[in-house]
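Tertiary structure, described
Residues per chain are reported as follows:
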Amino acid sequence: MKAKNRDQSLSDSRELDGSYDQLTDSVEDDFELSIVCHRPESMDKLQEQTKFTKKELQVLYRGFKNECPCGVVNEENFKIIYSQFFPQGDSSMYAHFLFEAFDTDKNGSIGFEDFVFGLSIILRGTINDRLNWAFNLYDLNKDGCITKEEMFDIMKSIYDMMGKYTYPTMQDDIPREHVESFFQKMDRNKDGVVTIEEFIESCKKDESIMQSMQLFDNVI
Amino acid sequence: MAAGVATWLPFARAAAVGWLPLAKKTMPKPPRDNSSKSDEILYVNVSGVRFQTWKNTLDRYPETLLGSSEKEFFFNEDTQEFFFDRDPEMFRHILNFYRTGKLHYPRNECIQAFDEELAFYGIVPEIIGDCCMEEYRDRKKENQERLAEDNEANEGLDAPLPPDSSTREHLWRAFENPHTSTTALVFYYATGFFIAVSVIANVVETVPCRPPEGAVKDLPCGEKYKLAFFCMDTACVLIFTFEYLMRLFAAPSRSRFVRSVMSVIDVVAIMPYYIGLVMPDNDDVSGAFVTLRVFRVFRIFKFSRHSAGLRILGYTLKSCASELGFLLFSLTMAIIIFATVMFYAEKGTAGSTFTSIPASFWYTIVTMTTLGYGDMVPNTVAGKIFGSICSLSGVLVIALPVPVIVSNFSRIYHQNQRTDKIRAQQKVRMARIRMAKKGTANAFLQYKQDRALGDRHSNSTALCVKNRSAFEYQHNHLLHCLEKTTNHEFTNEMNYSELCITESVDYRTSCSTSLSSQQGAQNNSTGCCPRRARRRAAMRLANSTVSVSRGSIQELNTLKSTSIMPQTRSSLNATMSDLKLNCGDPDFTAAIISIPTPPANSPDDSMPPSPAPIPGILRNTRATAYTHDTVKISSL
């Protein structure tokens, strides 16, 4: 799976690099995050790797740099920013999951490349890409399948964003019910987990989901 | 939402991909984004300084001027930029707000100017960032206090009352402001004198005088010259009573007056006398009465009406009440502690003066305040040790709150000084503004005269037809229209003083002679009109005219609310509502008025109403036309 490859490549690169110093590594990381500004790769490279035009990249970077002058966003700030959009509820859990999904190199911060790659997949990618990305978001431990507990966590975090004041009033068992119905729809072979193939197949069959994909028009 | 958060909105929308597969219902259609996709650079020209920014930056705050369509009003088609005729220095801060989302307050700018800029650009001052908010608030409060002080100073405590006020109001004003009339001043000094006399008498009557013949013991003077002192006391008390009753009568709010500090002091000062009168000449009761006499010394506090410094002191003490209270409390604590310790330390010794804890209080107080009378002295070693600790700590405890009180006093004192300074400056300022008005009034009259002359001699114009700007012509024409509308005409001071204003409170004056008709016209100087009527009429005239130019409205309002009718006759020109230039200086901004230098006008002030209007007026206006030194003053 993609996730496994990532981890593997990460550890490989570390060993090959030889610069991995167990004692001082973590300290250096913190040091870097706090002081050193992170610079993204050149625009040309980004343009090759993503599906954005030059102008779009410029607009994105300007906004990003304005918000995070040092070029990276750590999880705290990310949660704060995301919560501004959902003032009624508690979006911290979902923001955490999002952060995990965007932070592809798992260094605890989202740089501009992560930001742009993620956006490129979601906004300019094919339906398969998007569904892949969504699956990646749900798969919390990145083991290639979604269990009911993982799904429940995700569902709860989404419902938390709604807050207390909803109509009709939120019952406690609604997330659980929702998870059940999700699994009923997605889990073809009823083995209690949803794999990526099941997920993509079921989503493609679902009319409303396909129709909702238009949500990503005009975002940038 | 913060500015930058808008940047993350696309991200948040993209993150919604996580909800898609879980959604129970179909997602709604996204909004159509009609605006141009590409971001463009906008040019903003503020008084010649060109700023450039992305359109998106300005769009972050759609409720402000720059973020909304309101800026279209300022768009200049020829140069394809937005032009604002405002302060470019301030604009820098405004633009930074759009860029960073934080509004900063520049410390070197005037708070009012900054507020005005914010108001213009539609930005609420509440969003000033935390870094600058405190400074902004402090400055704003200080400014408001200052303005309030100004207004109070302006309120014309010295200005004469409207003529139809009752005796009561006159009386009250005479009491509160002795400078307004001579009688009040006389009364003020008289009371002061009698307060002093009374206090001195109280003091002197206890001094031992030479005993009368036959006696050996020294008598206090009060006993020897009992009658004399009694008469003096009676006289003083009578005067104080009279004053108190007058004040009570004149007070606008009697209950408030009765509760005020000064009135309480007054009552306390005179009560002992009356109580003494009604008291029977009984020995035991008169013993109590003698103590009452102590209250006579409160008469000295009556001086606070006469002295501002005393009032300041009293006010300081009042405002430092909390510090004083703390001082008292901490002292009390320390006293009790040390007194107890000293008492038990000295308990054993024979002949010790520390007979009880309350007796030790005295020792503690005397020691802590570093007085050290020596009437009570510790003898034991422990007592001496604790005694020294006591005196050391006394110094500290007393020294701590004192600087606070001192700084309060200094602040209040300076504030008071400033008020006086402002008042003095205000007079000068008003005088200069009046001169400006006079100048402009004369300019208008000059215009009319020229027109009249022009009517008669079609080809040539009189001596001082200068190059008037189109603005002046139009303005003058406008004033002329107003004259025709109201069927009244503008005049200047000299004319006015010669005009006869028929003495009636109720109907408008008709200052109907105009310069043009006065070429060879007769002079209506039919005697002196009472000053009051003139002022009244002039005020009505002022009310009927309309101010035209931008700055003049402000000035007129200020003048109206301030001493529009001070004592001097030159104030009559405050009736002129138009602020115009004198001929010769076409630059005009609302903030700067050019006025001619005084020399031409000053003779007006001192000149009595002379029966030679025509040459005088001509001289006057001509002279004003020729002087070129201008004095720039701001229109408030």
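Residues numbered from 1 in each chain as written. Chains lettered and ligands numbered in written order. Predicted model: local features only at pLDDT ≥ 70, side-chain atom pairs only at ≥ 80, totals over all residues. Heavy atoms only, no water.

Now for the overall build of chain B. The number of helices and strands found in chain B is 23 helices and eight strands. Buried residues in chain B amount to 40% of all 636 residues. Taking the intrachain contacts of chain B between residues at least 6 apart in sequence as the baseline, contacts between residues at least 24 apart amount to 69%. Of the roughly 35000 Å² of accessible surface on chain B, 61% is carried by carbon and sulfur atoms. (Helix = DSSP H or I, 4+ residues; strand = E, 2+ residues; numbered from the N terminus. Buried < 20%, exposed > 50% of the residue type's maximum accessible area, 1.4 Å probe, protein only. Contact = heavy atoms within 4.5 Å. Areas by Shrake-Rupley, 256 points an atom, 1.4 Å probe, with all protein chains shown as cover.)

Residue and element names in this part refer to chain B. Spatially, β2-β1-β4-β3 is the arrangement adopted by the four strands of the open sheet, whose pairing is mixed. A strand with exactly one partner marks an edge of an open sheet, and here the two such strands are β2 (49-54) and β3 (75-76). Pairing of strand β1 (residues 41-46) with β2, which is carried by six bridges, proceeds in the antiparallel orientation. Its bridge partner being in β2, tyrosine 43 is matched across the sheet by glutamine 52. Contacts from helix α3 (residues 88-100) reach β1 and β2, with the element oriented near 5 degrees to β2. (Pairing = 2+ DSSP bridges. Axes fitted to C-alpha atoms, helices over the stretch in contact; angles between N-to-C directions.)

Residue and element names in this part refer to chain B. Positive phi outside glycine occurs at serine 47, with the angle close to 50 degrees. With respect to the helices, strands and loops of the structure, serine 47 is situated in the loop between β1 and β2. One non-glycine residue, threonine 370, lies in the positive phi region at around 55 degrees. Its place among the elements puts threonine 370 in the loop between α15 (357-368) and α16 (381-399). Take threonine 370: its relative accessible area is 53%, and that puts it in the exposed class.

Okay, the interface of chain B and chain A next. Taken together, the contacts link 34 residues of chain B with 51 residues of chain A. Regarding the contact of chain B and chain A, the summed buried area is about 3700 Å², with carbon and sulfur atoms giving 70% of it. By the criterion of area lost to chain A, the three top residues of chain B are B:Trp8, B:Phe11 and B:Leu22, representing 20% of everything that side buries. Here chain B and chain A share zero salt bridges between them. The interface formed by chain B and chain A holds three residue pairs in polar contact (both at pLDDT 80 or more) in total. The element contributing the most residues to the side of chain B that touches chain A is helix α1 (residues 3-15) of chain B, with eleven residues. Counted by class, the side of chain B that touches chain A contains 20 nonpolar, five polar and nine charged residues. (Buried area = accessible area lost by both parts, 1.4 Å probe. Salt bridge = Lys/Arg side-chain N within 4 Å of Asp/Glu carboxyl O. Polar contact = N/O pair within 3.5 Å; in protein donor to acceptor, adjacent residues only side chain to side chain. Nonpolar A, V, L, I, M, F, W, Y, C, P; charged D, E, K, R; others polar.)

Ranked by internal contacts, the top residues of the largest apolar core, which has 65 residues, are A:Phe78, A:Tyr82, A:Phe115, A:Tyr138, A:Met151, A:Phe199 and B:Trp8. Once you skip the residues sitting within four places of it in the chain, A:Met151 turns out to touch A:Tyr138, A:Ile146, A:Val179, A:Phe182, A:Phe183 and B:Leu22. Ranked by size, the runner-up nonpolar core spans 27 residues in total, among them B:Leu58, B:Leu65, B:Leu118 and B:Ile128. (Core = buried A, V, L, I, M, F, W, Y, C linked by side-chain atoms within 4.5 Å.)

Residues and elements named next belong to chain B. In this antiparallel pair of consecutive strands, β1 and β2, the connection spans two residues, and serine 47 shows a positive phi of 50 degrees. One ladder, built from three bridges, connects β1 with strand β4 (residues 81-84); its direction is parallel. Its bridge partner lying in β4, asparagine 45 is registered against phenylalanine 83.

All names here are of chain A. Of all residues in chain A, 83% have pLDDT values of 70 or greater, and the mean over the chain is 79. Averaged pLDDT values for the elements of chain A fall to 48 in helix α2 (residues 25-35) and rise to 91 in helix α6 (residues 92-102). For residues 17-21, every residue scores under 50 in pLDDT, and the model assigns this stretch three contacts once sequence neighbours within four places are set aside. Taken together, the stretch residues 23-27 has pLDDT below 50 and engages in two contacts with residues farther than four places along the chain or on a different chain. (pLDDT = per-residue confidence, 0-100.)

Bringing the packing of aromatic side chains into the picture now. Following the criterion strictly, the structure yields 47 aromatic pairs over all chains and no others. Residues B:Phe120 and B:Tyr121 carry aromatic rings whose centres are separated by 5.0 Å and whose planes lie at 90 degrees to one another, so their mutual orientation is edge-to-face. Among the residues examined, B:Tyr121 registers a relative accessible area of 0% and is labelled buried. A cation over a ring is seen here: A:Arg176 above A:Phe152, with NZ or CZ 4.1 Å from the ring centre. Lying across the ring of B:Phe240, B:Lys302 places its NZ or CZ 4.6 Å from the centre. (Phe/Tyr/Trp six-rings, centres within 6.5 Å; stacked < 30°, edge-to-face > 60°. Lys NZ or Arg CZ within 6 Å of the ring centre and 35° of its normal.)

Given a rise of 1.5 Å per residue, twelve residues ought to cover 16 Å, and the 16 Å separating the end C-alpha atoms of helix α13 (residues 308-319) of chain B matches this to within 8%. You can read the cap of α13(B) off the contacts: a side-chain oxygen lies 3.3 Å from the backbone nitrogen of B:Gly309, and it is on B:Ser307. (Expected span 1.5 Å × (residues − 1).)

To continue, consider the pattern of salt bridges. Counted according to the given criterion, the structure contains 23 salt bridges over all chains. A salt bridge links A:Lys148 to A:Glu180; the nearest nitrogen and oxygen atoms lie 3.4 Å apart. Remark: A:Glu180 occurs in helix α10 (residues 174-186) and A:Lys148 occurs in helix α9 (residues 148-162); sequence separation between them is 32 residues. Residue classification places A:Glu180 among the partly exposed residues on the basis of a relative accessible area of 35%. Between B:Asp266 and B:Arg305 there is a salt bridge, and its shortest N-O distance comes to 3.3 Å. Placement of the pair is B:Asp266 in helix α11 (residues 261-278) and B:Arg305 in the loop between α12 (283-292) and α13, with a sequence separation of 39 residues. Residue B:Asp266 is classed as buried on the basis of its relative accessible area, which comes to 3%. The exposure class of B:Arg305 is buried, given its relative accessible area of 19%.

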